[in-house]
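What follows is each chain in one-letter form.
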Amino acid sequence: MDQIILYILILMVVLTVGGFIYNKNLALDRYLSSRAHEEIGTTLLKGSGWHSQASYHGYFTAWVVGFCSFLLFVAGLYFRNGSEVYDLIWLALVLASGVCIVFLLNRKISPEFAARTWVERFIHFCLIVLSFIAVLTTFGIVLSLLFESLRFFSKVSFLDFLFGLQWSPQTALRADQAGQSGSFGAVPIFAGTFLIMLVAMTIAGPVGLMIAIYLSEYASAATRKIVKPLIEILAGIPTVVYGFFALLTVGPTIRNFAETLGFSVPTQSALAAGVVMGVMIIPLISSLSDDVINAVPQSLRDGSYALGATKSETMKQVVFKGALPGIIGAFLLAVSRAIGETMIVVMAAGRAANLTGNPFEAVTTVTVQIVALLTGDQEFDSPKTLAAFALGLVLFVITLILNMIALSVVRRYRERYD
Amino acid sequence: MDIQNPKFVCRDVRVHYGDFEALHGINIDIADRGVTAFIGPSGCGKSTFLRTFNRMNDTIEGARVSGSVTMDGQDIYDKGLDPVLLRARVGMVFQKPNPFPKSIYDNVAYGPKIHGMTSGKAEMDALVERSLRRAGLWEEVKDRLKIAGTGLSGGQQQRLVIARAIAVNPEVILMDEPASALDPIATAKLEALIQELKERYCIIIVTHSMAQAARVSDKTAFFYMGDLIEYDATEKIFTNPGDTRTQDYITGRTG
Ligand SMILES: Nc1ncnc2c1ncn2[C@@H]1O[C@H](COP(=O)(O)OP(=O)(O)O)[C@@H](O)[C@H]1O
Ligand SMILES: [Mg+2]
C-alpha cells in the first residue's frame, strides 16, 4: 500500500478520536459551568436542562468528522493521478476539514442540542448502508452469473444445454486451431449430482434422524452432553479430508469388496462419494432435527404418556408428527448442501459424464464440471469457460429454491408453537 | 378422616427430586366417587403428589417415589405393574390445554387406538362421539371433527383434552389446575362438566382458587411445604378449619 494512504487512514482515526475527546470535554465543561455552584461535582444529567450527556456530544462530533473524512478519502482515491503534489493537497484537505469540523461543532454544544438523537440516527443510517452493501454484493454476483450465462447461451442453445444428453466440452484450445465444437448437454452431470445426492441422503437421512430421536427422547442428559458435541465434530472436519478419505479408503474398499463378488468397479464411483458425503451431512440433519424435536412442547409428550402411550408410540404419533415440517426443512437444507458440495466429489466421484443410475459407476457432478471447466487453460470467452457460469446459475437457482422452501417450512413450524 | 371403600390409599408417600424431598410422608385415603380437591400455596407439592397416582413422576428424570399407593387394594408401584396400563385407568388433564397437533377426531381416537379398544371405524366413531358428548363438546364441534384440535379456543381445548382422557374409559381423572388458563365463562363450563363427571369417575383436582375448590369438591386436602396439613369435608375446611395454617391460607393471609 502507498504510504500516503496509510497516513491518511491514521489521520482519519486521530481526527475522529481527537474530535470525540475534545468536544466531549468541552461539553462537560459547559455543562458543569451551567449548573449552580453547590451542585458542581455531581454529573447527574437529570434535571440539569441538558438534553444529552457530554459523551453524546463527543460521539456526534466523531461521527461527523469520521464520515466527512471518509468521503474525502474515497473521493481522493478516485481522482488520484500519481503526482506527489496532489497527494499532499489531499492529506492537507483531510486534516483541515477534520479540524474545521471539530471547531465548527463546538458551537453546537448547548443544552438544547439533541446529540443523543443524532447519534441514534447515524447508527441507523450506518446499519442500513451496511446491509445494502451485503445485498448489493449478492445482486452483483447473481447478475454476473446471469450475464456470463447469457453469453454462453448466445453460443449454445438453451434447450440443448438443459436437455442435451451428451456432455463433452472439448473445444479448440486456441482460436486458430481446428477442433470439434464440443457438446454441452447438461443432463448427465445433473443426473450424476442427483445420484450422489440420493446416495448421500439414503445414508444421512435415516441415520441423522435416528440420532436426533435418540438424543432428544431416549438419551439421558449426561449421555447427550457427551454424544452431541462428538457428532458435531463431524461437521467441523474440512471437506477435503472427507475427500481423500473417500478416494483412498472408501473407494478402494468398495472396489475390493465388489471384486470378491466377481464384479469390476472403478475406485471413483457415485457410491464412494455419496457414502462419504452422507457421513458429512449426518450432523447437519441430526442437529437440525434434534432442535425441532426439542421444540415440540413437553406438554404434548406428557399428554400422550398420561393416556397410557409408550415412549415409542408417543415418538411416532405425537412428537414426530409435530416435528415433521421442521424435519422436512432439515432434509431440504441437507439436500441443497449435498448438491453444492464440491471437494468430496472432485476427489471421489470422477470426471466421466456417464448418464447412469448405477451408483457403482463413475459419474460427475455440476460442481466437479465447473472446477474442470475453469481450471483448463482456455480463453475466457470460449463456450467451455462460459459453460461454467451457466452451470453455476442453474445450481444456484436450484439451491436457492430448496433453501427458500426449507426455511419457509421451518419458519411456519416455529410459529405454531410460539 | 374415615372413608368407606377408598379408591386410593396412600401411606407414608415421599417424593424426592434428586436429594430434595418434595413430599414428607403423606397419608391419605381418596374416595371412589366424587371430587377431592388439593389446595395449598405454590411449590407445596400438590402437582407432585397428583402425579404419584398415575406414576407420571416416573417420566421425570431424578424423581423417586417411596411409600405405598394402592388403587382398589392393588399396589400401583408394584414391580410387576406396567405404568402404561395404569395410565389407561387413571387419566390426567393438565394446567395448559395440550391437544396433539392432530384433528379433533384423531385427538380423541388416539388413546383408544393405542389400547386397541375398538374394532372398525363405526365403533371408533361412536366412541369419539360418546366421549365428546360426555365432555360437553360434541355440539360445538360435530361438524368440524377434521379440523386441528389446536384451532379451538382455550376452553374448548381443555374439554377436548378431557374427552381424550374419557375416551380410554378411565376410572380416575386427575386434573392439575385445569382452569388456570381459562376465562371465567370457560371456567364455569368446566366446573359444570366436573359436576357431571363426578357421578361416574373418581376426580382429584388441584386448584389455586379457593372458590373453585369450595364449588366443585366434596373433600379438600390442604398441603403446606410438602406436608398434608388437613383433610376433611370441603364444607368443614372452609367454614371451620382445624389448623391455623389452613385458616391463614384460605383467608388469604399466606400463599
Ligand atoms: N421436575 C422437578 N425437578 C425438581 N424439583 C421439582 C420438580 N418439580 C417440582 N419440583 C419441586 O418440588 C416442589 C413441589 O413442586 P410442585 O409439586 O410443582 O408444587 P405445586 O404444584 O404445589 O405448586 C417445589 O419445591 C418444586 O420446586
Ligand atoms: Mg402445580
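Refer to the structure above for everything that follows.
Residues numbered from 1 in each chain as written. Chains lettered and ligands numbered in written order. Predicted model: local features only at pLDDT ≥ 70, side-chain atom pairs only at ≥ 80, totals over all residues. Heavy atoms only, no water.

A. Focus on the environment of Val275 of chain A. Residues and elements named next belong to chain A. Note that Val275 resides in helix H9 (residues 270–295). Classification of Val275 as partly exposed rests on a relative accessible area of 23%. Here the alpha-carbon distance between Val275 and Met197, two residues 78 residues apart in the chain, equals 9.5 Å. When residues no more than four places from it in sequence are discounted, the contact partners of Val275 are Val199 and Ile203. (Helix = DSSP H or I, 4+ residues; strand = E, 2+ residues; numbered from the N terminus. Buried < 20%, exposed > 50% of the residue type's maximum accessible area, 1.4 Å probe, protein only. Contact = heavy atoms within 4.5 Å.)

B. Local environment of helix H3 (residues 104–114) of chain B. For H3 of chain B, the buried fraction is high: 9 of the 11 residues fall into the buried class. Residues of H3 of chain B that are buried in the fold lie against helix H10 (298–306) and helix H11 (311–340) of chain A together with helix H4 (121–134), helix H5 (138–141) and helix H6 (154–167) of chain B. Positive backbone phi, approximately 55°, marks Gly116 of chain B, located one or two places after H3 of chain B.

C. Layout of the interface of chain A and chain B. Contacts between the two partners involve 21 residues from chain A, matched on the other side by 22 residues from chain B. Of the roughly 1700 Å² buried at the junction of chain A and chain B (both faces included), carbon and sulfur atoms supply 63%. The interface formed by chain A and chain B holds 0 salt bridges in total. Sorting the residues of the side of chain A that touches chain B by element identifies H10, H11 and helix H14 (383–417) of chain A as the ones contributing at least two each. Per-element accounting of the side of chain A that touches chain B gives the leading share, 7 residues, to H10 of chain A. Classifying every residue of the side of chain A that touches chain B gives 8 nonpolar, 9 polar and 4 charged. (Buried area = accessible area lost by both parts, 1.4 Å probe. Salt bridge = Lys/Arg side-chain N within 4 Å of Asp/Glu carboxyl O. Nonpolar A, V, L, I, M, F, W, Y, C, P; charged D, E, K, R; others polar.)

D. Looking closely at the sheet that holds strand S8 (residues 202–206) of chain B. All names here are of chain B. Here 6 strands make up an open sheet; going across it, the order is S6-S7-S8-S3-S9-S10 and the pairing mixed. Only two strands of the sheet have a single partner each, and these edge strands are strand S6 (90–93) and strand S10 (227–233). Geometrically, the sheet is characterised by an average inter-axis angle of 15° between neighbouring strands, direction not taken into account. Looking at chain direction, strand S7 (residues 172–176) and S8 are connected through 5 bridges and run parallel. What sits directly across from Ile173, in S8, is Ile203. (Pairing = 2+ DSSP bridges. Axes fitted to C-alpha atoms, helices over the stretch in contact; angles between N-to-C directions.)

E. Expanded view of the site of ligand 1. Residue and element names in this part refer to chain B. Surveying the vicinity of ligand 1 reveals the residues Tyr17, Phe20, Ala22, Ser42, Gly43, Cys44, Gly45, Lys46, Ser47, Thr48, Arg51 and Ile60. Contacts to ligand 1 include Lys46, whose backbone N or O atom sits 2.9 Å from an oxygen atom. Relative to its unbound accessible area of 560 Å², ligand 1 is 63% covered by the protein chains. Going through the elements one at a time, strand S2 (20–30) and helix H1 (46–52) are the ones with two or more residues in the shell around ligand 1. It is H1 that contributes the most residues to the shell around ligand 1, 4 residues altogether. Grouping the constituent residues of the shell around ligand 1 by class yields 5 nonpolar, 5 polar and 2 charged. (Near = heavy atom within 4 Å. Polar contact = N/O pair within 3.5 Å; in protein donor to acceptor, adjacent residues only side chain to side chain. Areas by Shrake-Rupley, 256 points an atom, 1.4 Å probe, with all protein chains shown as cover.)

F. Main features of the nonpolar core. Ranked by internal contacts, the top residues of the largest apolar core, which has 42 residues, are Leu132, Ile162, Ile173, Ile194 and Leu197 of chain B. At 6 residues, the largest contribution of residues to this core is made by H6 of chain B. Aside from chain neighbours lying at most four places away, what touches Ile194 of chain B is Val35, Met175, Ile203, Ile205 and Val216 of chain B. Ala204, Ile231, Leu271 and Ile281 of chain A belong to the second largest nonpolar core, which has 41 residues in total. (Core = buried A, V, L, I, M, F, W, Y, C linked by side-chain atoms within 4.5 Å.)

G. Structural view of the sheet that holds strand S5 (residues 74–75) of chain B. All names here are of chain B. Read from one edge of the open sheet, 4 strands run S2-S1-S4-S5, paired in antiparallel fashion. Sheet topology places S2 and S5 at the edges, where each strand pairs with a single neighbour. Pairing between strand S4 (residues 63–71) and S5: 2 bridges, direction antiparallel. For Met71, the partnering residue across the bridge sits in S5 and is Gln74.

So yeah, pure geometry; function would need other evidence.
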